[in-house]
Amino acid sequence: MSMNRREFMAGFGAAGLAMVQPARMRATAPTAPVAIARCKSYGAEFLAATGKMFDQLGGMGRLVKGKTVTLKINLTGGETIRQDYLPQGRTFWTHPRTVAGVIHLLDKAGARRIRVVEGAWMWPASLEEFMLKAGWDPNLLLRAAPRVELINTNMPHKGNKPYTRFPVPHGGHLFPAYDLSTAYAESDVLVSMNKIKEHATAGVTLSIKNLFGITPTTIYGNKVPIDEPAPIPYGGRSDIGHAGSRQPPKSSPAEKDATTPRQGGYRIPRIIADLAAAVPVSLAILDGIETIAGAELPRGESTKAISPGVLVAGTNPVTTDAVAMAVMGFDPMADRGKAPFETCDNTLRLAQELGVGTRDLGQIEVTGAPIKDVRFNFREHGGPRQSWPPGRRPSA
Amino acid sequence: MNNNVDMTPLQNVVPLHWPSGPIEIARREKTEGFNTLIRRTLERWHEPAALEIAKDTPVDCIVMSWAAGLPVDAEQQRTAGPLLEAARRRNLAVVGWVDGTADHHAAIAAASKAGLAAVAIRGFKGSADLPVIAWSERANVPWDLAAPAVAITGNVWPGVSLASNAGDASSGPTSLPWLDSNSWYIQMARARLKAPLWVMFDPPGKGAVVPARSYARAICDSEAAGGRWVISLDDNLRAELAAGTAAAQESWRQITAAAGFFKEHAEWKSYRSLGLVGVISDFSGGNFELSGEILNLMARRDLLFRVVWKSQATGQLFRGLKALVYADAGPPDRALRRKIADFVEQGGLLVTGPNWGTEGKPEPPDFQTQFDVHAVGKGRVAVARKEITDPYQVAVDTQFLLSHRNDLVKIYNSASSGCTRFTASPDGKTALLQCLSYADRGRGGLRTIWVRQRYRSTRLWTIGAQPVPLDPEASEEYVGVEYHMPANAPQSYFALEFAA
């Protein structure tokens, strides 16, 4: 692990590496194969390509048979934002037909129950209502297989235990543990499904960045109470997540070190890495059929709709993200200061340090289409990059 | 009153507040910031030449102070002679505003003698030989008074609220920017009044320079809801118009273009709301505060509603409604309760307070709510667990209980939208969607309008332009059709006119 002195001092305080880091330094990062497929459309072609990728990954039956499978999709931002005239699913959200297709495939592979989850920003009602407001037809998902549920994990989970504490292995970078919807505790297999895209704060949005949305905004959202979770969300995640201007309610674990930089480029990658370690992703499915260049959601002239025509999937989120970064024209070994991490730390490195997976392409077996054949340089598209000013990010 | 007076001349006039002369000077002298420029402007606007600004504009009425119970009342009326004569030559109707402790009958007599088209008086109940516009504060409107027009004071300057947070847009309960709008009130009043509704409010004070787009927004906010703003210009603009500066004339051109657009579409005011939620109330006292704010917050969330005055409810059909909100403190009378109960039995949703009582099979909703929901007949009754005090929660919960599955309209990439109006002509052959933006700066994205129903043809109306035919685009992911707004369509206001 490479770490300069400034990062050391800023990130881990005077206690020093020897006291805080030994477990993390020992964490070994596993590898797992990653499948790549060319795919130009969201219909039958997607279903066939994804089915083939699942086969290349060893089949889904061994992973999901008899299990509760949770699909974490990505519906970042408000429900009425679009890139140009295009539906969100064609630019910066998980496409609803990919969700329906994966539900179908996982059901065929023997999944006992499939839950589609998202912490839909500050939405105070069901995920189904959020989808309807956004123009989705939830029945597309609910009818893709028997026993499909839609859950807004921003809200307290139904039952006696709304939240469950997830400790971060090896102590965590920023928080020692996170209180998340109990839906995640009831999950046997977590699938992360989202677009391949850039991110204004974290450099890239890939399968582990998608986990930022599992933090409930009743606990990690703006305007939450001091002592207990809010009954409903009141705002996005900018105060606690990006700016670090306050701590979660006292009922949840506070940051390990409140003297660390109050900067999104420092904080968000660490939160993501923590979550990737605390809530393991068993399957990552990244959609680059159609997506957005320039940021994670529409940002005026900064973002453009693009059609790379590629899918990336794997059973380890870090190896999958590393390959996806390479497909995007980025070096997954890049560190702060180098694209796409000009103003942030490399989330993949931080996750690797927690033992989630390796980002070293030399250690990752790639099946299906070769990276060089599907490479789509994101930086040749999009407009001038913009960072969100602290505390002013409109979504999370 | 006004039994023998022709009231039609005021039906579709475009009135301009015309502060001028001794009464205005006497008033303003007592206010902070009064200076010689303001005095000079008030003097110049009392001169006939000032009326030149109305030339080639839709403005065909000026509203000037006539009597206020001040020593200068007589001087105001005497010195107004040349101005009134010039107005007559220009076919401008003049309305005299009467307030303070002025003697109503004396003011009317003087106005009649001076040839005013009408006077506006609060609380006048006698007879008069010229039209008397009834003016009133919001909460005390004489709803059943026969008047050629009703003028309402106490309104807000429409826009994103900048009341707090050091110039940052202040937030409502959901972090959405708070919108100031008179739309809800105008819709409420229009549901009760037969006479034209004049909406009185002034630009932000303290010498603020108000851009033309803010004036246009003020016009759109009133007109889309069915009212008519009595255009009121700020001190700076009036001074510059009097001086004839090019910038002021360009602002004035934009303001009058907006006013003219709506004058030419006067028939839109007869359109009825297509909202799916009926809000029933007597809109008086505490019920006005609560149900009025429910309307306000529904409008802000673009939850399309229809105002149902309690006194008229039993005679109305609830056709087209999917939900009713009854939040008044007192119970409805027996006939109305029966009518509401029938609505529920036939599949409607009722959202109401705890006094309604509970019956039927519990049907807990899938979100946190202050209401217990029971299935009754084919419908549902949502009864608040305790007395309703939070209008915001009523608006939010009603929207979720109704479900976005029933949305008629969605707007994508609209900056600080709200108060969207979706109405239909009385014969049902035309539907009209009016969209406003209350932000000075938009997100800048291309806007898409989704509507549930497919119409035979659609035209896009914007201020100052000819209508443009729009073809629907197939909606990829849901029912309905989409319309892609041209990139050059203004953010501030546009209307889609659908032919059924």
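The written sequence of each chain sets the order in which its residues are numbered from 1. Working convention: letters from A go to chains and numbers from 1 go to ligands, in the order in which they are written. Selection of residues for local features in this predicted model requires a pLDDT of at least 70, selection of side-chain atom pairs for listing and counting requires 80 or more, and totals for whole chains, interfaces and linings are taken over all residues. Computation of side-chain values covers all heavy atoms of the structure but excludes hydrogens and water.

Participant: Quick question: what am I supposed to make of the overall build of chain A here?
Facilitator: The way it works is that DSSP assigns letters per residue, a run of H or I at least four long becomes a helix, a run of E at least two long becomes a strand, and they are numbered from the N terminus. Within chain A, the secondary structure is distributed over 14 helices and 14 strands. We compute the radius of gyration from the C-alpha atoms alone; for a globule the expected value is 2.2 Å times N to the 0.38, where N is the number of residues. Expected size for 396 residues packed as a compact globule is a radius of gyration near 21 Å; at 19 Å, chain A falls within 12% of this value. When its C-alpha atoms are laid out on the principal axes, chain A stretches across 55 × 45 × 45 Å. Partly exposed describes any residue whose relative accessible area lies between the buried limit of under 20% and the exposed limit of over 50%, with all areas from a 1.4 Å probe on protein chains only and scaled to the type maximum. Taken over 396 residues, chain A has a buried fraction of 65%.

Participant: What is the right way to read the overall build of chain B from this model?
Facilitator: From N to C terminus, chain B includes 13 helices and 27 strands. Expressed as lengths along the three principal axes of its C-alpha atoms, the size of chain B is roughly 75 × 50 × 45 Å. Here chain B, with 500 residues, has 56% of them falling under the buried criterion. Working rule for contacts: check all heavy atoms of both residues, and any pair within 4.5 Å makes them a contact. Considering only intrachain contacts with a sequence separation of at least 6, the fraction spanning at least 24 residues in chain B is 69%. Using the Shrake-Rupley algorithm and a 1.4 Å probe, accessible areas are obtained, with residue cover drawn only from the displayed protein chains. Only carbon and sulfur atoms are counted for the fraction: they give 50% of the accessible area of chain B, which is about 20,800 Å².

Participant: Just to check I follow, could you spell out the packing of aromatic side chains for this structure?
Facilitator: Each aromatic ring pair is characterised by the separation of its centres together with the angle its planes make. Ring geometry is summarised as follows: Phe, Tyr and Trp rings, the Trp one being its six-membered ring, pair when their centres sit within 6.5 Å, and such pairs are stacked at plane angles under 30 degrees, edge-to-face over 60 and tilted between the two. Considering all chains together, one arrives at 32 aromatic pairs over all chains under this definition. Judged by centre distance (6.1 Å) and plane angle (85°), the ring pair of F175(A) and Y220(A) falls under edge-to-face. Of this pair, F175(A) sits in the loop between β5 (163-167) and β6 (177-181) while Y220(A) sits in the loop between β9 (203-205) and α10 (238-243), placing them 45 residues apart in sequence. Looking at Y220(A), the relative accessible area reads 4%, which means it is buried. One aromatic cluster is present, formed by F92(A), W93(A), W123(A), F130(A), W136(A), F367(B) and F400(B) through successive ring pairs. Directly above the aromatic system of F318(B) lies the positively charged group of K339(B), at a separation of 4.8 Å from the ring centroid. In this structure, K410(B) is placed above the aromatic ring of W450(B), and the distance from its NZ or CZ to the ring centre is 4.9 Å. Here, a charge over a ring is recorded when the distance from Lys NZ or Arg CZ to the ring centre is within 6 Å and its angle to the ring normal is within 35 degrees.

Participant: Would you mind showing me how to read the side chain of E129(A) here?
Facilitator: If you trace the backbone, E129(A) turns up in helix α7 (residues 127-134). As a buried residue without a salt bridge, E129(A) has its nearest oppositely charged side chain in R405(B), at a separation of 6.0 Å. Counting of polar contacts relies on pairs of N or O atoms within 3.5 Å, with two restrictions inside protein: one atom must be capable of donating a hydrogen and the other of accepting it, and residues adjacent in sequence are counted only when both atoms are side-chain atoms. Side-chain polar atoms of E129(A) contact the backbone nitrogen of H404(B), separated by 2.8 Å. Aside from chain neighbours lying at most four places away, what touches E129(A) is W123(A), F400(B), S403(B), H404(B) and R405(B). Only four residue types enter the tally: Lys and Arg on the positive side, Asp and Glu on the negative side; His and the chain ends are excluded. Here, a salt bridge means any Lys or Arg side-chain nitrogen found within 4 Å of an Asp or Glu carboxyl oxygen.

Participant: Would you mind showing me how to read the interface of chain B and chain A here?
Facilitator: How big an interface is tends to be expressed through the accessible area that disappears when the partners come together. Between chain B and chain A, the contact holds 31 residues from the first and 37 residues from the second. Throughout, buried area stands for the accessible area (probe radius 1.4 Å) lost by two parts on being put together, summed over both. With both chains or domains summed, chain B and chain A bury close to 2,900 Å², and 47% of this area falls on carbon and sulfur atoms. If you look at where chain B meets chain A, you find two salt bridges. Here E128(A) ties to R405(B) by a salt bridge, and the two come within 2.7 Å at their closest N and O atoms. Between the two partners, chain B and chain A, sit 10 residue pairs in polar contact (both at pLDDT 80 or more). If one sorts the elements of the side of chain B that touches chain A by residue count, strand β19 (residues 409-412) of chain B sits on top with three residues. Each residue gets one of three labels, nonpolar for Ala, Val, Leu, Ile, Met, Phe, Trp, Tyr, Cys and Pro, charged for Asp, Glu, Lys and Arg, and polar for the others, Gly among them. Among the residues forming the side of chain B that touches chain A, the class breakdown is 11 nonpolar, 10 polar and 10 charged.

Participant: Explain the sheet that holds strand β21 (residues 430-436) of chain B to me, please; I cannot follow it from the model alone.
Facilitator: Within a beta sheet, neighbouring strands are joined by backbone hydrogen bonds and run either parallel or antiparallel to one another. Sheet architecture is open: six strands sit in the order β11-β20-β21-β27-β23-β24 (chain B), paired in antiparallel fashion. Both edges of this open sheet fall to β11 (272-273) and β24 (468-469) of chain B, since each of them pairs with a single strand only. Whether two strands pair depends on DSSP finding at least two bridges between them.

Participant: Teacher, can you tell me more about the state of the cysteines here?
Facilitator: What is meant by a disulfide is a covalent connection between two cysteines, made through their sulfur atoms. Cysteine sulfur atoms are paired as a disulfide whenever they fall within 2.5 Å. By the definition in use, this model includes zero disulfides over all chains. The structure places no disulfide on C220(B), whose sulfur is separated from the nearest cysteine sulfur, that of C435(B), by 11 Å.

Participant: What is the right way to read the pairing of strand β15 (residues 349-352) of chain B from this model?
Facilitator: Residues in a regular strand project their side chains so that they alternate between the two faces of the sheet. Here β15(B) shows no split at all, with L349(B) and V351(B) on one side and L350(B) and T352(B) on the other all buried. Here, the term right-handed applies to a crossover whose path from the first strand over the helix to the second runs clockwise when the strands point away from the viewer. Each parallel crossover has a hand, and the one from strand β14 (residues 323-326) of chain B via helix α12 (residues 334-345) of chain B to β15(B) is right-handed.

Participant: How should helix α9 (residues 246-264) of chain B be read in this particular structure?
Facilitator: Given 3.6 residues per helical turn, the α-helix brings residues three or four places apart onto the same face. A helix is expected to span 1.5 Å for every residue after the first. With 19 residues, α9(B) should reach 27 Å at 1.5 Å per residue; the first-to-last C-alpha distance of 26 Å fits that figure. The complete set of buried residues in α9(B) reads A248(B), S251(B), W252(B), I255(B), T256(B), A258(B), A259(B), G260(B), F261(B) and F262(B).

Participant: Please explain empty space enclosed by the protein as it appears in this structure.
Facilitator: Left-over empty space is what a probe sized like a water molecule reveals as it rolls over the atoms. Residue and element names in this part refer to chain B. In this analysis the probe radius is 1.4 Å and the grid spacing 1 Å, with only protein atoms considered; a cavity is a set of points the probe fits into but cannot get out of, a pocket is an open set with protein on both sides within 12 Å along at least five of seven lines, and lining residues have an atom within 4 Å of a point. Grid points are joined across faces, edges and corners, and a volume is the space filled by probe spheres set on the points. Evaluation of the coordinates by the stated rule reveals eight cavities of 30 Å³ or more. As a volume, the second largest cavity reaches approximately 80 Å³. The set of elements that each furnish at least two residues to the lining of the second largest cavity consists of α10 (285-300) and β20 (421-424). When its residues are assigned to classes, the lining of the second largest cavity shows seven nonpolar, four polar and two charged.

Participant: What exactly am I supposed to notice about the confidence of the model for chain B here?
Facilitator: Residues and elements named next belong to chain B. Looking at chain B, pLDDT values average 92 and 94% of them are 70 or higher. What pLDDT reports is the predictor's confidence in each residue, on a scale of 0 through 100. Ignoring residues within four places in sequence, the model shows residues 163-175, a span with pLDDT below 50, making 36 contacts including any to other chains. As scored by the predictor, the complex reaches a pTM of 0.91 and an ipTM of 0.88.

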